Every structure is written in structure tokens, then in C-alpha cells.
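Structural description and commentary
Residue strings, one per chain:
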Amino acid sequence: MAPAPPPAASFSPAEVQRRLAAGACWVRRGARLYDLTGFVRHHPGGEQLLRSRAGQDISADLDGPPHRHSDNARRWLEQYYVGELRGDLQGSMENVTVTSVETRKADPAIEPRFKTVDWDKDLVDWQKPLLWQVGHLGEKYDEWVHQPVTRPIRLFHSDLVEALSKTAWYSVPIIWVPLMLYLSWSYYRTLAQGNVRLFTSFTTEYSVAVPESVFPGLFVLGMFLWSLIEYLIHRFLFHMKPPSNSYYLIMLHFVMHGQHHKAPFDGSRLVFPPVPASAVVAFFYTLLRLILPEAVGGALFAGGLLGYIVYDMTHYYLHFGSPRKGSYLYRMKAHHVKHHFAHQKSGFGISTKLWDYFFHTLIPEETHPKTQ
């Protein structure tokens, strides 16, 4: 017979108020208390909006207008459950004063305590690398991978390979911005020499000269083409549904993108690691060199590389940034969080919604948090 679960902790209104005064962000749903201190900067409605709910009953926010939260959002909330509220539920929390996050420091003795899912009853063993386990989930994989958790993921047995699968966000500009600048300057100088011509592989009589003045257009075109490639990869490769009977395709999907949907706030896996990124970069560079004159393909590639940098930095910011309410990035953050928690088969654009509009995969506006 399985042992009975430990009793839930209980807190008086005074104890909750002490934590709120120390800068914590606790909310309640009925008598159930949740510590969202570690989540406030990720909230799609913004940190200020979530902190304004501190100490309050959020049942109406979850289940009613202006937007109804998904089942995934409710499951996510349960990972932050800390205990039950004792005392008068109607009036005891009404006079809590929440101070601005900029002027309060968290009490070191009150660290966020997350009650996550029951790992012993989950479909995988979280004490072991997940990559070798997910292939056995079969038909349960698709549902499991789209139920987010708030914990880091280990993929590989090897410490070296595991380390190469992770990266800090700042590695992207450090590695790729200098290369983008070097290629831009190099291929601009090549175009400035005036001897670059299109179509010379087909005909010399009707080949077209490529002046240096077209470099900005080629560069911007490269950024534009990257935005399309970004959308197509995200929609058709990252969000393919692997066959339930294919162990290796499930593994491939998980290592490419499934692990990000399972742990969307694992900051070490939000940008593309340099080693696999180098292989992708080399592929696109070689492809452009094969089909276009070197300087033309190089100018397009440099623009595409900047597009990739903007994409990866935007993606990181949409998960960890706190954009100003009503701004473009605020709307993109709300759009992307909806993609993770409720609409995994739409909303594929990261840095722009252009291709979601064009291909009719935009998340309906009525499902977004209000921005007014």
C-alpha cells in the first residue's frame, strides 16, 4: 500500500502578508496558496500585472473574462503550490499592501518553494537523462511533451555532450555578430570592385553587373528570407508530430524542440548552442555559394545571419524579458506564451507575425491577455 501523501502546509493571513511585504508574490485560488515569486518576470501579462494580484484570489482571472486560461496554465500553476490559507478567506487578505518590485528586496529566508508534479508517478525518470527515455512514450509523447514543467532538463549521459547542448544567451552575439560584420564588410568591398556579375554560369552575353549599391538591398533580403526560413523550420520541422511507433524520430523531435516545450523556462536551452549552430550556418553558406556569385550569396548570407541573431535574442527575451505593456514585444510575448501553453499548432513566428498572417496560422487575438 502506497504511503499517504504528507499533509499540506498551512499559513495564516499574517504569515502570507509577511512574505508579501518582503517582496514575494503569493496568490491564492480559494484556500490554495501559490508562490509565483520565481515566475513573475515570465508572466505574459507582465510582472506588474501579476504582482498587482499578489495576495488576491485569482479564480476569476483563471476561469473567466477577459481571457480563459488553458488547462496547461492551470497545471503550470499547481507546480507553485505551497499550502493552504488558514482563517477568514473573505476579508483577511483584502488589506494587503503590495510594494513595487523595484523598492523591495526578497527575504533570503523565504525562497520560492515549488511543488512540481509528482515525479515518481511521471512517465519518465527525472533522475536520468531524458533523451533515451522519451522514445518509449509512444502515443503518449505528444501530450506529455506539451505539458510544461518548471525544472531544468538533462538530455545526455555524457557531461561533455550535455555541456555542448547548453549555452548562455550572450554566446549568440559574441560569436555571430563579429562574423556577420566581417562578412558584410568583406562582400561589400568585393561588390565595390565592380566585377561581380549574375548569370555568368549560364551566359556571358546577357550577364548582369551587380554594383555595390545593391548591397543594402541584398542584406535586407537576407534578413527577410531568414524570417521565412525561421517560420518554416519552426512549423514543419520543430512541430512535426513524430510517429508514435518511431523511437528515434521521437528522440529527434525531443532534442530539436520538444525539450524546449517541456521546460520552456530552462534558460540554458533557449538559444541555439554554437556547435550545432555552426553546422546549420555552414550548410546555408555553402548552399548560397553554390547557386549565386560569392559576393551576392555572401551579402544575402550576412543579412540572414543578422536575422538569426535577432531571432535568437528575441526568443530569449520573450521568455525572460518584461516588455512594456502595450509594446510590440509585449504583444509578441503574449503571442509566444500562448503558443507554448494553449496553441502549439499555431503562432510559429518568433521575431515577427508576418508569416503567421500570410499562412493563416496566427493565434486568435481574443485569446491574448488584454493590453489595455
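Each residue is numbered by its place in its chain's sequence as written, counting from 1. Local features are withheld for residues below a pLDDT of 70 in this predicted model, meaning they are given only at 70 or higher, and side-chain atom pairs are given and counted only at 80 or more; totals for whole chains, interfaces and linings count all residues. Remark: hydrogens and water are excluded; side-chain values derive from all non-hydrogen atoms of the structure.

The chain is annotated in an unreviewed UniProt entry as Fatty acid 2-hydroxylase from Sciurus vulgaris. The UniProt entry for the chain carries the following comment under Sequence similarities (unreviewed entry): "Belongs to the sterol desaturase family. SCS7 subfamily." UniProt positions are given in the numbering used here, feature names are shortened, and annotations may be inferred rather than shown by experiment.

Per the secondary structure count, the chain includes 14 helices and 6 strands. Relative to its 372 residues, the chain shows a buried fraction of 46%. Partitioning the contacts of the chain with sequence separation of at least 6, the portion at a separation of at least 24 is 71%. Split by element, the accessible area of the chain, about 19500 Å² in all, is 61% carbon and sulfur. Here a strand is any run of E in DSSP of at least two residues, a helix any run of H or I of at least four, and the numbering for each starts at the N terminus. Whether a residue is buried, partly exposed or exposed follows from its accessible area with a 1.4 Å probe, protein chains only, as a fraction of its type maximum: under 20%, in between, or over 50%, in that order. In this analysis, two residues are considered to be in contact whenever any of their non-hydrogen atoms come within 4.5 Å of each other. Where accessible areas are quoted, they stem from the Shrake-Rupley method and a 1.4 Å probe; at the residue level, only the protein chains shown are allowed to cover.

Turning to the nonpolar core, a few remarks are in order. Nonpolar side chains in soluble globular proteins generally cluster together in the buried interior. For the purposes of this section, nonpolar cores are sets of buried Ala, Val, Leu, Ile, Met, Phe, Trp, Tyr and Cys residues that join through side-chain atoms within 4.5 Å. Counting residues in hydrophobic clusters, the biggest one holds 36 residues, and the most contacted among them are W176, L191, L305 and Y308. Every element with two or more residues in this core is listed here: α8 (171-192), α9 (215-238), α11 (274-291), α12 (294-320) and α13 (328-341). Look past the residues within four positions of W176 in its chain and what remains in contact with it is P274, A277, S278, V281, L305, Y308 and I309. The next biggest cluster of nonpolar side chains, apart from the first, holds 17 residues, and it includes L130, L131, V149 and A263.

Here the focus is a nonpolar patch on the surface. Patch members must show over 30% relative accessible area and no salt bridge, and they are joined within 9 Å when carrying like charges or within 5 Å when they are nonpolar side chains of Val, Leu, Ile, Met, Phe, Trp or Tyr. Between Lys or Arg on one side and Asp or Glu on the other, a salt bridge is scored when a side-chain nitrogen of the former is within 4 Å of a carboxyl oxygen of the latter. Taken together, the side chains of L160, V161, L164 and V275 make up a nonpolar region of the molecular surface, amounting to roughly 350 Å² of accessible area. Within the element layout of this structure, V275 appears in helix α11.

What follows deals with the packing of α11 against α12. Note on method: axes are straight lines fitted to C-alpha atoms, helices fitted across the in-contact stretch only, with angles between N-to-C directions ranging 0 to 180 degrees. At a closest axis distance of 8 Å, the pairing of α11 and α12 adopts a crossing angle of 150°. With respect to α12, the axis of α11 lies roughly antiparallel. With respect to the hand of their crossing, α11 and α12 are arranged in right-handed fashion. Residues A277, V281, F284, Y285, L288 and R289 of α11 form the contact with α12, whose own contacting residues are E294, G297, L300, F301, L305 and Y308. We call Asp, Glu, Lys and Arg charged. Ala, Val, Leu, Ile, Met, Phe, Trp, Tyr, Cys and Pro are nonpolar, and the rest, Gly among them, are polar. Residue composition of the contact of α11 with α12, by class: 9 nonpolar, 1 polar and 2 charged. We call two directions roughly parallel when the angle between them is under 35 degrees, roughly antiparallel when it is over 145, roughly perpendicular when it lies between 65 and 115, and oblique otherwise. Note: crossing handedness is left-handed where the near helix turns anticlockwise from the far helix by less than a right angle, and right-handed where it turns clockwise.

Its identity as a non-glycine residue notwithstanding, H360 has a phi of 60°, on the positive side. Counting through the fold element by element, H360 comes out in the segment after α14 (354-358). By relative accessible area, H360 is classed as exposed at 73%.

Here the focus is the pairing of strand β2 (residues 26-29). Inspection of the sheet shows β2 paired to strand β3 (residues 32-35) by 4 bridges, in the antiparallel sense. Across the sheet, residue R28 finds its bridge partner in β3, namely L33. At least two DSSP bridges between two strands are needed for those strands to be called paired. Hairpin geometry of β2 and β3 is characterised by an intervening segment of 2 residues between the two adjacent antiparallel strands and by a positive phi of about 70° at G30.

This part covers the packing of aromatic side chains. Here is the rule: rings of Phe, Tyr and Trp (six-membered ring for Trp) pair when centre to centre is within 6.5 Å. Planes less than 30 degrees apart are stacked, more than 60 are edge-to-face, and the remainder are tilted. Under the definition given, this model contains 23 aromatic pairs. Between the aromatic rings of Y308 and Y311, the centroid separation amounts to 6.4 Å while the plane-to-plane angle is 40°, which identifies the pairing as tilted. With Y308 and Y311 both in helix α12, this residue pair falls 3 residues apart, about one helical turn. Like Y308, the residue Y311 is buried in the burial classification. Judged by centre distance (4.9 Å) and plane angle (85°), the rings of F358 and F359 are edge-to-face. F358 sits in the exposed class, given a relative accessible area of 55%. Of the aromatic side chains, those joined through ring pairs into one cluster are F224, Y231, F348, W355, F358 and F359.

Moving on, we get to α13. The span one expects for a helix is its residue count, reduced by one, times 1.5 Å. End to end, α13 covers 20 Å across 14 residues, agreeing with the expected 20 Å (1.5 Å per residue, within 8%). With respect to burial, α13 is a largely interior element, 11 of its 14 residues being buried.

Spatial strand order, β1-β4-β3-β2: 4 strands in an open sheet with mixed pairing. Each edge of the open sheet is held by one strand with a lone partner, namely β1 (10-11) and β2.

Once that is clear, we can look at the pairing of β3. Taken together, the 3 bridges between β3 and strand β4 (residues 81-85) define a ladder with antiparallel strand orientation. Residue pairing in the sheet places R32 in a bridge with E84 of β4.

As a further point, take the environment of H257. For H257, the location among the structural elements is in helix α10 (residues 247-262). Put simply, H257 and F238 are 19 residues apart on the chain and 5.4 Å apart in space, counted from C-alpha to C-alpha. Each residue touching H257, except ones within four places of it in the same chain, is listed here: H234, F238 and H239. The term polar contact refers here to a pair of N or O atoms within 3.5 Å; inside protein, the definition further demands a hydrogen-donor-capable atom paired with an acceptor-capable atom, and it admits residues adjacent in sequence only when both atoms are side-chain atoms. At a separation of 3.5 Å, a polar atom in the side chain of H257 contacts the side chain of H239.

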